[in-house]
Amino acid sequence: MFTSIFYLMLPLFIYGQYNVVPGLQKVQINKGKFKLTASSRIVANAASYKKLERDLRVFKKELGLLTGMELAILEGEFQKGDLVFTLDANDETLGEEGYQMEISGQVLIKANTTKGSFYAMQSLLQLFNQDSKIQRGFIRDFPSYAERGYMIDLGRKYFEIEYIETMIRKLAWMKMNFIHLHFTEWNGFRLKSDLFPGLAAEQSYSKEEIRRIEDYAAKYHVMVVPEIDLPAHATAITDYNPYLGFTCPSMRSSWWQTHSLEEAGYSTDDKAWTLDITRREVRSWVKALLDEWIPLFDGPYFHIGGDEYQYDREKYACEELVMAAKEMGYEYPGDVFVDYINEINEQVKSYGKTTQIWNWWRFSQNDNRQNITSIQPAKDIVINAWNRPRLEGILADGYRVVITSEEGEEALYVVPSMGSKPGEYGYFDSKYIYEQWKPQSGPNINGFKVCLWTNGVGDKPDDWFNQFVDLPVAVLAERTWSVKHDNSLEQFQNRLKKVIFPF
């Protein structure tokens, strides 16, 4: 008796049962196996069928691709051998994305929402892709963090729609629930504007293609977080309309622009990195642009960037910026940028959305590179915390955060042109993150994300990036959904091979 109880308490992967990524939260193994057959059916009760119908049809199609079995979908009573889905909003412990699964003569799935039911489907797809027989047992599964995602840099490198869709499906396969699309950079504005013809790069996304991405993401319960990063990183915009940039040399040029342009073989002459937000007409131009794009995205967030504008040394060297700060009644020229962020935040909120920004306004690298302000962004803005030393202060001030550290052992950045081994910038150390990382938790930590930056490799084919991002995404999926199930990265990779993305 003692021996059997002891074995039930051991992690399941030791016996090869329930090889699922991310690993399951709570499991009880029972004797015997459930076998999926051509006479099995996909069933939902009358109260759940309409809400689940779209997901059931997608599940049926993908299950058929994996097993060769075309199962019937029906509403009503179940029988032995069926896969049964029920929405039951009474289990608070499962939350919005959790599910319960009882595997016996049939498979009975309960969830509070369609999201939870969808994630149960992902677990079943992974299991049936390995074998038509699965161990009988009882599962309760739910995420440890609310937001788990991936950012792709579409500004520096254009990715085809089909690749983005495949990435969305991969994320859903791993129970990751958002994709952050960084649409704008110094070398390309990737959204085709009707209001400003000619602004978009030759390779960019039309409004019809944005609708396609949103519809595909919704099909797989993945939230799209769009980003238009301003007022810096704006070289493509000031090339289109030079009037929008600063005229003072210190705010017109920047290290990031010079480095990026020279690296890409372009001249840095008369290029403006940052929009001149001291002028009302420039802010009005930005707001007109955002009015065109904010409503075209379905999700609750819109990311406005706010990253890497010039440091205080350059700000103070710009007479019009210093004068603008005084006229606005602010103590520091950096306050003008925070004022801009807060103004755009009100615009985003007018569409019923929540603003996201990077934590740049809080970043001071050394005595010569300072960002000092007397005012702060509004507390209802979600901060993307890439600079680990500033995280605690941001949390202490009451901001909600998504953590995506850029460097150090806990780095969640992937920069193929820079990081090729542990300790280098832009290297995601999958071994450390899987085996030793202790993800921080707290009421204001929404979650975590992997960020792919395509600096210097914009000419590479889309699939080339998979070798750099597939494992980090899987590692982060495991560490943010469930507990660490394996002792080593190598053991995790062996489990991962069994549930490798099949579509």
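About the criteria used
- Residues numbered from 1 in each chain as written.
- Predicted model: local features only at pLDDT ≥ 70, side-chain atom pairs only at ≥ 80, totals over all residues.
- Heavy atoms only, no water.
- Helix = DSSP H or I, 4+ residues; strand = E, 2+ residues; numbered from the N terminus.
- Buried < 20%, exposed > 50% of the residue type's maximum accessible area, 1.4 Å probe, protein only.
- Contact = heavy atoms within 4.5 Å.
- Lys, Arg positive; Asp, Glu negative; His and termini not counted.
- Charge placed at Lys NZ, Arg CZ, Asp CG, Glu CD.
- Arc of directions from axis to C-beta.
- Disulfide = S-S within 2.5 Å.
- Expected span 1.5 Å × (residues − 1).
- Salt bridge = Lys/Arg side-chain N within 4 Å of Asp/Glu carboxyl O.
- Phe/Tyr/Trp six-rings, centres within 6.5 Å; stacked < 30°, edge-to-face > 60°.
- Lys NZ or Arg CZ within 6 Å of the ring centre and 35° of its normal.
- Axes fitted to C-alpha atoms, helices over the stretch in contact; angles between N-to-C directions.
- Parallel < 35°, antiparallel > 145°, perpendicular 65-115°, else oblique.
- Left-handed = near helix turned anticlockwise from the far one by under 90°.
- Nonpolar A, V, L, I, M, F, W, Y, C, P; charged D, E, K, R; others polar.
- Core = buried A, V, L, I, M, F, W, Y, C linked by side-chain atoms within 4.5 Å.

### Digging into the overall build of the chain
Thinking step 1. When its secondary structure is counted, the chain shows 16 helices and 18 strands.
Thinking step 2. Across its three principal directions, the C-alpha atoms of the chain cover 80 × 45 × 40 Å.
Thinking step 3. Taking all 503 residues of the chain together, 58% fall into the buried category.
Thinking step 4. Here the analysis covers contacts within the chain between residues at least 6 apart in sequence; of these, 76% occur between residues at least 24 apart.
Thinking step 5. Both charge centroids of the chain, one from 56 positive and one from 69 negative side chains, sit 8 Å from each other.

### Regarding helix H16 (residues 489-498)
Thinking step 1. When H16 is considered as a whole, its buried residues turn out to be Leu489, Phe492, Arg495 and Leu496. Down the axis of H16, the buried side of the element spans an arc of 120 degrees, and every buried residue falls inside it.
Thinking step 2. Of the surrounding elements, those touching the buried residues of H16 are helix H14 (430-435) and helix H15 (466-481).

### Digging into the state of the cysteines
Thinking step 1. Using the criterion set out here, one finds 1 disulfide in the structure.
Thinking step 2. Paired by a disulfide, Cys248 and Cys318 hold their sulfur atoms 2.1 Å apart. Negative torsions about the S-S bond denote left-handed disulfides, and the value of about -90 degrees found for Cys248 with Cys318 makes this one left-handed. With a gap of 70 residues between them, Cys248 in the loop between helix H6 (235-240) and helix H7 (249-252) and Cys318 in the loop between helix H10 (312-316) and helix H11 (319-327) connect regions that are remote in the sequence. The same class applies to Cys248 and to Cys318, which are both buried.

### Looking at helix H9 (residues 280-293)
Thinking step 1. Taking 1.5 Å as the rise per residue, H9 with 14 residues should run 20 Å; its terminal C-alpha atoms sit 20 Å apart, in good agreement.
Thinking step 2. Within the span of H9, buried status applies to Val282, Arg283, Trp285, Val286, Leu289, Leu290, Glu292 and Trp293.
Thinking step 3. Where H9 is buried, its residues touch strand S11 (188-189), helix H5 (207-219), strand S12 (223-230), H6, strand S13 (301-305) and helix H12 (334-349).

### Things to note about the side chain of Asp307
Thinking step 1. Counting through the fold element by element, Asp307 comes out in the loop between S13 and H10.
Thinking step 2. Buried within the structure, Asp307 lacks any salt-bridge partner; Arg156 is the closest side chain of opposite charge, at an N-O distance of 7.3 Å.
Thinking step 3. Those residues in contact with Asp307 that sit more than four places away from it in its chain are Asp229, Ala232, His233, Trp358, Trp360 and Trp386.

### Section: unusual backbone geometry
The general pattern is negative phi for most residues beyond glycine and trans for most peptide bonds.
Thinking step 1. Residues Val21 and Pro22 are joined by a peptide bond in cis, for which omega reads 0 degrees.
Thinking step 2. Examined against the element boundaries, Pro22 turns out to sit in the loop between helix H1 (2-9) and strand S1 (26-35).
Thinking step 3. Of the consecutive residues Leu230 and Pro231, the connecting peptide bond is found in the cis state with omega at 10 degrees.
Thinking step 4. Along the chain, Pro231 falls in the loop between S12 and H6.
Thinking step 5. One non-glycine residue, Lys175, lies in the positive phi region at around 60 degrees.
Thinking step 6. Taking relative accessible area as the criterion, Lys175 reaches 0% and is therefore assigned buried.

### A look at the packing of aromatic side chains
Thinking step 1. Under the definition given, this model contains 34 aromatic pairs.
Thinking step 2. Where Trp437 meets Phe448, the ring centres are 5.1 Å apart and the plane angle is 85 degrees; that geometry is what we call edge-to-face. Residue Trp437 is found in the loop between H14 and strand S18 (445-452), and its partner Phe448 is found in strand S18; the two are separated by 11 residues along the sequence. Phe448 matches Trp437 in its accessibility class, with the two residues each being buried.
Thinking step 3. Looking at Arg279, its charged tip hangs above the ring of Tyr243, at a distance of 4.3 Å from the centre.

### Side note on the pattern of salt bridges
Pairing is possible between side chains that carry opposite charge, provided their charged atoms lie close to one another.
Thinking step 1. Tallied over the full model, the rule gives 35 salt bridges.
Thinking step 2. Residues Glu343 and Lys287 are paired through a salt bridge, measuring 3.2 Å at the closest nitrogen-oxygen approach. With Glu343 in helix H12 and Lys287 in helix H9, this pair connects stretches of sequence that are 56 residues apart.
Thinking step 3. Judged by relative accessible area, which is 17%, Glu343 ranks as buried.
Thinking step 4. For Lys287, a relative accessible area of 25% gives the class partly exposed.

### Quick notes on the packing of helix H4 (residues 161-173) against H5
Thinking step 1. It is at 10 Å that the axes of H4 and H5 come closest, and there the two elements cross at 20 degrees. Relative to H5, H4 is oriented roughly parallel. Here H4 runs over H5; the crossing is right-handed. For the pair H4 and H5, the contacting residues are Ile161, Glu162, Ile164, Glu165, Ile168 and Arg169 in the first and Glu209, Arg212, Ile213, Tyr216 and Ala217 in the second.
Thinking step 2. Its residues assigned to classes, the contact of H4 with H5 shows 6 nonpolar, no polar and 5 charged.

### Here we look at the nonpolar core
Thinking step 1. If you look at the biggest cluster of nonpolar residues, it comprises 151 residues, and the most contacted ones within it are Leu83, Phe85, Tyr150 and Ile179.
Thinking step 2. Aside from chain neighbours lying at most four places away, what touches Leu83 is Phe34, Leu36, Arg41, Ile42, Val43, Phe59, Leu63, Leu71, Val107 and Phe128.
Thinking step 3. Within the second largest apolar cluster, 6 residues are counted, among which are Phe178, Tyr301, Val382 and Val402.

### Some words on the environment of Val225
Thinking step 1. Its location among the elements puts Val225 in strand S12.
Thinking step 2. On a C-alpha basis, the gap between Val225 and Pro300 in space is 8.1 Å, while along the polypeptide they are 75 residues apart.
Thinking step 3. Those residues in contact with Val225 that lie beyond four places of it in its chain are Phe178, Ile179, His180, Leu181, Tyr301, His303 and Gln356.

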